[in-house]
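This is what each chain is made of:
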Amino acid sequence: MSDVEEETPPTGPVENAWSMKLPEFTEKDNPHGMLEESKFATLFPKYREKYIREVWPLVTAKLTEFKLKCDLDVIEGSMTVMTTRKCWDPYIIVKARDMIKLMARSVPFEQACRVLEDDCGSDVIKIGNLVQNRDRFIKRRQRLIGPNGSTLKSIELLTKCYVLVQGNTVSCLGPYQGLKQARKIVIDTMNNIHPIYNIKSLMIKRELMKDPKLKNENWERFLPKFEHKNLSKRKQPLKKRQKKSYTPFPPAQPLSKVDKELETGEYFLKEQERRAKKSAEKREKQSEAEDKRHDKREKSFKAPNENKKAEAKNSSDDVDVTKLKEKVKNAQKKKKRL
């Protein structure tokens, strides 16, 4: 037996699963290779054709390290990756598929090739269907990028992921824990929660992790809370009409001129009698108006009520003599002191 024993991985439950180091899968673990061929194809847009053509020799060189083949079809606009008999890693084909997907979504080859590493993953988040209004979607997507890309840069530094916003998708590339955090930030931003809340909470969590005293405590009191205020911008009417009680019967028709004359009895009068009645009504109205005018003119000639003024004078004449004497004495004393 050798003096130095090999380190065996822990078999029981682990406190922090993210801190575990996975053993590397090497060519010695699978010397016989693959029996069946696996293949994945991805379409790419026309504007990416020039870049992919330039980078394709580097892609083939990278994939040959893992015993994979790749094919570029410019006519159809597709990239294909496939395994060979010598390929020893069974999961590398899935990683290669993710790499060509990211390249189709405008991620540069230098970043996309990092997916082939064991501790690195990728996530393409679809944000096109999260917001219905197009203008609102563009504003929220711009909020994710920030002024001069500052918000996106801060997300990359905190999550340790490469993030690219392109069209209706957000491509993320990095460690698995960072991908989880990046997805939450992106979806919350598209649901009208500003990314600064999530960025701030990540910064606070990073500082709290350094303190061993707060290891087993609840961190909710330190984290910022977002209150969603749904304020309706709909203008309220100046006068609100109250709905009348429902009746199945239609309203009665208004009376016509003939019906009104029949009710009052004017319909049966002669023409001369009608004219005489109208002139009498006119005279009555004129006499009422004259009376009103006369009352207005007479108001200016009416004498004012003098009783109120006399009462006010009587109230002011009643002076308390004792208080007045005390005031005079106090004033004389002050003069003597001076």
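Analysis parameters
Residues numbered from 1 in each chain as written. Predicted model: local features only at pLDDT ≥ 70, side-chain atom pairs only at ≥ 80, totals over all residues. Heavy atoms only, no water. Phe/Tyr/Trp six-rings, centres within 6.5 Å; stacked < 30°, edge-to-face > 60°. Helix = DSSP H or I, 4+ residues; strand = E, 2+ residues; numbered from the N terminus. Buried < 20%, exposed > 50% of the residue type's maximum accessible area, 1.4 Å probe, protein only. Lys NZ or Arg CZ within 6 Å of the ring centre and 35° of its normal. Salt bridge = Lys/Arg side-chain N within 4 Å of Asp/Glu carboxyl O. Axes fitted to C-alpha atoms, helices over the stretch in contact; angles between N-to-C directions. Parallel < 35°, antiparallel > 145°, perpendicular 65-115°, else oblique. Contact = heavy atoms within 4.5 Å. Nonpolar A, V, L, I, M, F, W, Y, C, P; charged D, E, K, R; others polar. Pairing = 2+ DSSP bridges.

(A) Region of interest: the packing of aromatic side chains. Under the defined criterion, the tally for this structure stands at two aromatic pairs. With 6.3 Å between their ring centres and 25° between their planes, Phe25 and Trp88 make a pair best called stacked. Linking Phe25 in the segment before β1 (39-43) with Trp88 in the loop between β3 (78-83) and α2 (92-104), this pair joins segments that are 63 residues apart in sequence. Residue class for Trp88 comes out buried when judged on its relative accessible area of 12%. Seen in terms of ring centroids, Tyr267 and Phe268 are 5.6 Å apart; in terms of plane orientation they differ by 90°. Their pairing is edge-to-face. Given a relative accessible area of 42%, Tyr267 falls into the partly exposed group. Over the ring of Phe40 we find Arg97; its NZ or CZ atom is 5.2 Å from the centre of that ring.

(B) View of the pattern of salt bridges. Applying the stated criterion to the full structure yields six salt bridges. Of the charged contacts, one joins Asp188 and Lys184 as a salt bridge, the two residues approaching to 3.1 Å between their closest N and O atoms. With a gap of four residues between them, Asp188 and Lys184 both fall in helix α6 (residues 176-190), about one helical turn apart. Under the relative-accessibility criterion, Asp188 is labelled buried at 16%. Salt bridges linked by common partners bring Lys46, Glu49 and Arg53 together as one network.

(C) Expanded view of the packing of helix α4 (residues 134-145) against helix α5 (residues 150-159). Contact pair α4 / α5: the axes reach a minimum separation of 5 Å and the direction vectors enclose 55°. Compared by their axis directions, α4 and α5 come out oblique. Residue-level contacts link Arg143, Leu144 and Ile145 of α4 to Ser150, Thr151, Leu152 and Ile155 of α5. Of the residues belonging to the contact of α4 with α5, the class tally is four nonpolar, two polar and one charged.

(D) Quick look at the sheet that holds β3. Spatially, β1-β3-β2 is the arrangement adopted by the three strands of the open sheet, whose pairing is antiparallel. Either end of the sheet is taken by a strand with one partner, and the two such strands are β1 and β2 (68-73). The mean inter-strand angle of the sheet, taken between neighbouring strand axes irrespective of direction, is 15°. Relative to β3, β1 runs antiparallel, the two being bridged by five bridges. Residue pairing across strands places Ala41 opposite Thr80, the latter belonging to β3.

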